[in-house]
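Topology and contacts: notes
The lines below spell out each chain.
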Amino acid sequence: MEATKRLNVKKQTLDDAYAAPANFLEIDVINPITHGIGNKRYTDYEVRLRTNLPVFRIKESSVRRRYSDFEWLRGELERGVIVVPPLPSKAWKRQLPFRQDEGIFDEDFIEDRRKGLEIFVNKIAGHPLAQNEKCLHMFLQDPVIDKNYVPGKMRNVQ
């Protein structure tokens, strides 16, 4: 009977149930905005970060990023030992001239791409090795990405 006896489990208090999680990392890709006219048009997205992980020096940030910035981040991370998930498609066919729709500026396409970019960046940021990469920190927290940076690891800022 001793082997099947229930463990004594500490009852959870309301304070425990509603306290801030021990470690959290929330990244939202939101508020797409299309800028420019003609062949100078592009869409960017707000990338909003909230975390209490010690590796991030800024606990809340919001930056705007274009699809090409997500491509840059993927390329930088591929240099290392991290397996990087794919980005949502580049949608070359949607960029052809003389289409009967808005192509890559169609609202449904932008929303689908936004969802895909959010999944992509959350997978990367959740990877323990990627969390130490300077390029990820720049992408998530610096208003302007310094593409001439020296790749490397972040020092723990506890």
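Everything below is about the structure shown above.
Now for a quick tour of the structure. (Residues numbered from 1 in each chain as written. Predicted model: local features only at pLDDT ≥ 70, side-chain atom pairs only at ≥ 80, totals over all residues. Heavy atoms only, no water.)

**Re the overall build of the protein**
Tallying secondary structure elements over the protein gives four helices and three strands in all. For the protein, the N- to C-terminal ordering of α and β elements is α-β-β-β-α-α-α. When the 158 residues of the protein are sorted by exposure, 35% land in the buried category. Just so you have it, the protein exposes about 11,000 Å², and 53% of that area is on carbon and sulfur atoms. (Helix = DSSP H or I, 4+ residues; strand = E, 2+ residues; numbered from the N terminus. Buried < 20%, exposed > 50% of the residue type's maximum accessible area, 1.4 Å probe, protein only. Areas by Shrake-Rupley, 256 points an atom, 1.4 Å probe, with all protein chains shown as cover.)

**Re the packing of helix α2 (residues 67-78) against helix α3 (residues 107-125)**
Close contact between α2 and α3 brings their axes to 12 Å; oriented N to C, the two are set at 25°. Put simply, α2 runs roughly parallel to α3. For the pair α2 and α3, the crossing hand works out as left-handed. Of α3, the residues touching α2 (which contributes Tyr67, Phe70, Leu73, Arg74 and Leu77) are Arg113, Leu117, Phe120, Val121 and Ile124. For the contact of α2 with α3, the class distribution of residues is eight nonpolar, no polar and two charged. (Axes fitted to C-alpha atoms, helices over the stretch in contact; angles between N-to-C directions. Parallel < 35°, antiparallel > 145°, perpendicular 65-115°, else oblique. Left-handed = near helix turned anticlockwise from the far one by under 90°. Contact = heavy atoms within 4.5 Å. Nonpolar A, V, L, I, M, F, W, Y, C, P; charged D, E, K, R; others polar.)

**Digging into the sheet that holds strand β3 (residues 60-66)**
Strand order across the open sheet formed by three strands is β1-β2-β3, with antiparallel pairing between neighbours. Both edges of this open sheet fall to β1 (25-35) and β3, since each of them pairs with a single strand only. Averaged over all neighbouring strand pairs, the angle between strand axes comes to 20°, with direction disregarded. Sheet topology note: the β1/strand β2 (residues 42-51) ladder contains nine bridges and is antiparallel. For Ile27, the partnering residue across the bridge sits in β2 and is Leu49. The strands touched by helix α4 (residues 134-141) within the sheet are β1, β2 and β3, with β3 carrying the most contacts at an inclination of about 90°. (Pairing = 2+ DSSP bridges.)

**Let's talk about the packing of aromatic side chains**
Counted under the stated rule, the structure contains three aromatic pairs. Between Trp72 and Tyr149 the ring centres are 5.8 Å apart and the planes differ by 70°, which places this aromatic pair in the edge-to-face class. Pair noted here: Trp72 is in helix α2 and Tyr149 is in the segment after α4, with a separation of 77 residues, a long-range link. Here Trp72 falls in the buried class, since its relative accessible area comes to 12%. One aromatic cluster is present, formed by Phe70, Phe120 and Phe139 through successive ring pairs. The positively charged end of Arg66 is found above the aromatic ring belonging to Tyr42, 3.8 Å away from the centroid. (Phe/Tyr/Trp six-rings, centres within 6.5 Å; stacked < 30°, edge-to-face > 60°. Lys NZ or Arg CZ within 6 Å of the ring centre and 35° of its normal.)

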